[in-house]
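Summary of the model geometry
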Amino acid sequence: MSDKTVNIAVIGMGRGGKAILEMLEGNDLVNVVGVVETNPDAPGTELAKQMGIPVYEEWKSLIEMEGLDDIIDVTGSHEIHEELYKQKPVGVDLMGGPSAKMMWLLIEAQKATEEELRAVNQELESFTYTASHDLKEPLRSLETFSQFLIEDYADKLDDEGKDYLKRIAAGAARLRNLIDDLLALSRVSRIQNPHESVDSAELVKDALKRLKALLEEKKVKVTVDDELPHITCDNTKMKEVFYNLITNAMKYNDKPDPSIEIGTKDKETFFVKDNGKGIEAEYMDVIFKPFKRGPRAQELSAGTGVGLALVKKIVQEHGGKVWVESEVGKGATFLFTLPQSKGG
């Protein structure tokens, strides 16, 4: 607990008193050392007991209490307020009547809003998942039959007809990739895996293994720090972070000798650096938004604009942040932090 903790007592465990306890629960700066309530069935009495706060039947018990900085009286009793003010040399705040009710109403409204927001988010994620699956079926047919026409009727089509079919197949494939990425983005919120201690070098190795064919095809030189740390994280999701950042570094590289460097600045800050096209300053925030790509990515017609949004969402879920440092023509360095507890 902080050295600046304020010790308070609350008189009255009606709805207003309960609201104060709910508001202060888990707060390291304010410590409720005792509450006063004569009615064992009052709304806040049970909560106080659950929080391990002593419950007194007499407000006079507070007068002898040591280390008390403030008393909040939500009973609305001016008599108690005046007596406390005389006998106890600490601040006494009177919050009875309408003010106590208002606090209770505000807390209840906040709880209701949070519950509604969770319900809406769950419904939206469910809809996204279902709609994405429903959309993939006709796209699969469009892509497949376009390819059949190209292969089986090539001798009956002129160059323009073949070009149209290739565009249809490419458009269907791109839309399918968009849907797959949208599903991946949805799964980040829906699926919560336990955090565990893992060797980050293994996460990088997994990503490189999945990208081996493409890396070899593009002749990308990959350098990995020999001393990547162990970290506490969602193993499955963190693999996707490295996979997407390495994919990104490979896709947007226009150099004849492409290279990627993976390492750490410290035990909590990782980086993936490339020697590619680079990113204009005005797009350094935009590229982390879903379906947003910088102009150089659009020139290459590469990616769907979801990979970096996925990275940002996962890193933020771990309490970290992600950003990019770049100079046009000289490559880009993507960095992200993964805060680790002292025991992690």
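Above: the structure in question.
The following paragraphs examine the structure supplied in this document. Small disclaimer: the values here were computed from a predicted structure and weren't measured.

1. Thoughts on the pattern of salt bridges
Applying the stated criterion across every chain yields a total of nine salt bridges. Of the charged contacts in the structure, one is a salt bridge between Glu202 and Lys205, with a shortest N-O distance of 3.3 Å. In this pair, Glu202 and Lys205 are both assigned in helix H6 (residues 200-210), three residues apart and thus about one turn of the helix distant. Take Glu202: its relative accessible area is 42%, and that puts it in the partly exposed class. A salt bridge links Lys330 to Glu327; its shortest N-O distance comes to 3.5 Å. Taken together, the shared-partner salt bridges connect Asp206, Arg210 and Glu240 into one network.

2. Looking at the packing of helix H8 (residues 235-251) against helix H10 (residues 307-317)
For the pair H8 and H10, interaxial distance at closest approach is 9 Å and the crossing angle is 145 degrees. In the packing of H8 onto H10, the handedness of the crossing is left-handed. Listed contacts from H10 to Lys237, Met238, Glu240, Val241, Asn244, Leu245 and Asn248 of H8 are Gly307, Leu308, Leu310, Val311, Ile314, Val315 and Glu317. Taken together, the residues that form the contact of H8 with H10 break down as eight nonpolar, three polar and three charged.

3. Some details on helix H1 (residues 15-24)
Within H1, burial applies to Gly16, Gly17, Ala19, Ile20, Leu21 and Leu24. Remark: Gly26 follows H1 within two positions and exhibits a positive phi of approximately 85 degrees.

4. Remarks on the nonpolar core
Met238, Phe242, Ile260, Phe334 and Phe336 are the most contacted members of the largest nonpolar core, which totals 42 residues. Among the elements that make up this core, the one with the highest residue count is H8 (seven residues). Beyond its immediate stretch of four places on either side in the chain, Phe336 contacts Met238, Val241, Phe242, Leu245, Glu268, Thr269, Phe270, Val315, Lys321, Val322 and Trp323. One finds Ile8, Ile20, Val32 and Ala48 within the second-largest nonpolar core, a separate group that totals 14 residues.

5. Focus: the sheet that holds strand S7 (residues 221-224)
Sheet architecture is open: five strands sit in the order S7-S9-S10-S12-S11, paired in mixed fashion. The sheet terminates laterally at S7 and strand S11 (322-326), the two strands that pair on one side only. Across the sheet, the axes of successive neighbouring strands diverge by a mean angle of 20 degrees, strand direction being ignored. Two strands pair when backbone bridges link them, and strand S9 (residues 259-266) and strand S10 (residues 269-274) are joined in this way by six bridges, in the antiparallel orientation. What sits directly across from Glu261, in S10, is Lys273.

6. Observations concerning the packing of H6 against H8
One can describe the packing of H6 onto H8 by two numbers: an axis separation of 8 Å at closest approach and a directional angle of 55 degrees. Classified by the interaxial angle, the pair formed by H6 and H8 is oblique. The two elements H6 and H8 cross, and the hand of that crossing is right-handed. Along its contact with H6, which presents Leu203, Val204, Asp206, Ala207, Leu208 and Arg210, the element H8 presents Asn235, Met238, Lys239, Glu240, Phe242, Tyr243 and Ile246. Its residues placed into classes, the contact of H6 with H8 shows eight nonpolar, one polar and four charged.

7. Section: the side chain of Ser200
Relative to the assigned elements, Ser200 resides in helix H6. A polar contact is formed between the side chain of Ser200 and the backbone oxygen of Pro229, at a distance of 2.6 Å. Among all residues touching Ser200, those that are not within four sequence positions of it are Leu228, Pro229, His230, Ile231 and Phe270.

8. Thoughts on the layout of surface pockets
The gaps left among the atoms become clear once a water-sized probe is rolled over them. Here the second largest pocket is characterised by a volume of approximately 200 Å³. Lining of the second largest pocket is provided by Ala184, Arg187, Val188, Ile191, Asn193, Thr236, Lys237, Glu240, Leu310 and Ile314. Listing elements by their share of the lining of the second largest pocket, those giving two or more residues are helix H5 (159-190), H8 and H10. Taken together, the residues of the lining of the second largest pocket sort by class into five nonpolar, two polar and three charged.

What counts and how
- Think of each chain on its own: its residues are numbered from 1, step by step along the sequence as written.
- Only residues with pLDDT of 70 or above have their local features reported here, since the model is predicted, and side-chain atom pairs are shown and tallied only from 80 upward, although totals for entire chains, interfaces and linings are computed over all residues.
- The basis for the side-chain values is all heavy atoms of the structure; hydrogens and waters are excluded.
- A carboxyl oxygen of Asp or Glu within 4 Å of a side-chain nitrogen of Lys or Arg is what we treat as a salt bridge.
- Note on conventions: DSSP H or I runs of at least 4 residues are helices, E runs of at least 2 residues are strands, and numbering of each starts at the N terminus.
- Throughout this description, buried means an accessible area under 20% of the type-specific maximum (1.4 Å probe, protein chains only), exposed means over 50%, and partly exposed covers the range between.
- Only the stretch in contact is used when a helix axis is fitted, and all axes are lines through C-alpha atoms; the angle between N-to-C directions ranges over 0 to 180 degrees.
- Left-handed describes a crossing in which the near helix is turned anticlockwise from the far one by less than a right angle; the clockwise case is right-handed.
- In what follows, a contact means two residues having at least one pair of non-hydrogen atoms within 4.5 Å.
- All residues other than Ala, Val, Leu, Ile, Met, Phe, Trp, Tyr, Cys, Pro, Asp, Glu, Lys and Arg, Gly among them, are scored as polar; the first ten of these are nonpolar and the last four charged.
- As used in this record, nonpolar core signifies buried Ala, Val, Leu, Ile, Met, Phe, Trp, Tyr and Cys residues forming a set joined through side-chain atoms within 4.5 Å.
- A pair of strands is considered paired only if DSSP assigns at least 2 bridges between the two.
- For this classification, under 35 degrees means roughly parallel, over 145 means roughly antiparallel, 65 to 115 means roughly perpendicular, and everything else is oblique.
- Residues adjacent in sequence count toward polar contacts only when both atoms are side-chain atoms; beyond that, a polar contact is any pair of N or O atoms within 3.5 Å, and within protein one must be able to donate a hydrogen and the other to accept it.
- Note on definitions: the grid is 1 Å and covers protein atoms alone; a cavity is a set of points where a 1.4 Å probe fits but cannot get out; a pocket is an open set with protein on both sides within 12 Å along at least five of seven lines; lining residues have an atom within 4 Å of a point.
- Grid points are joined across faces, edges and corners, and a volume is the space filled by probe spheres set on the points.

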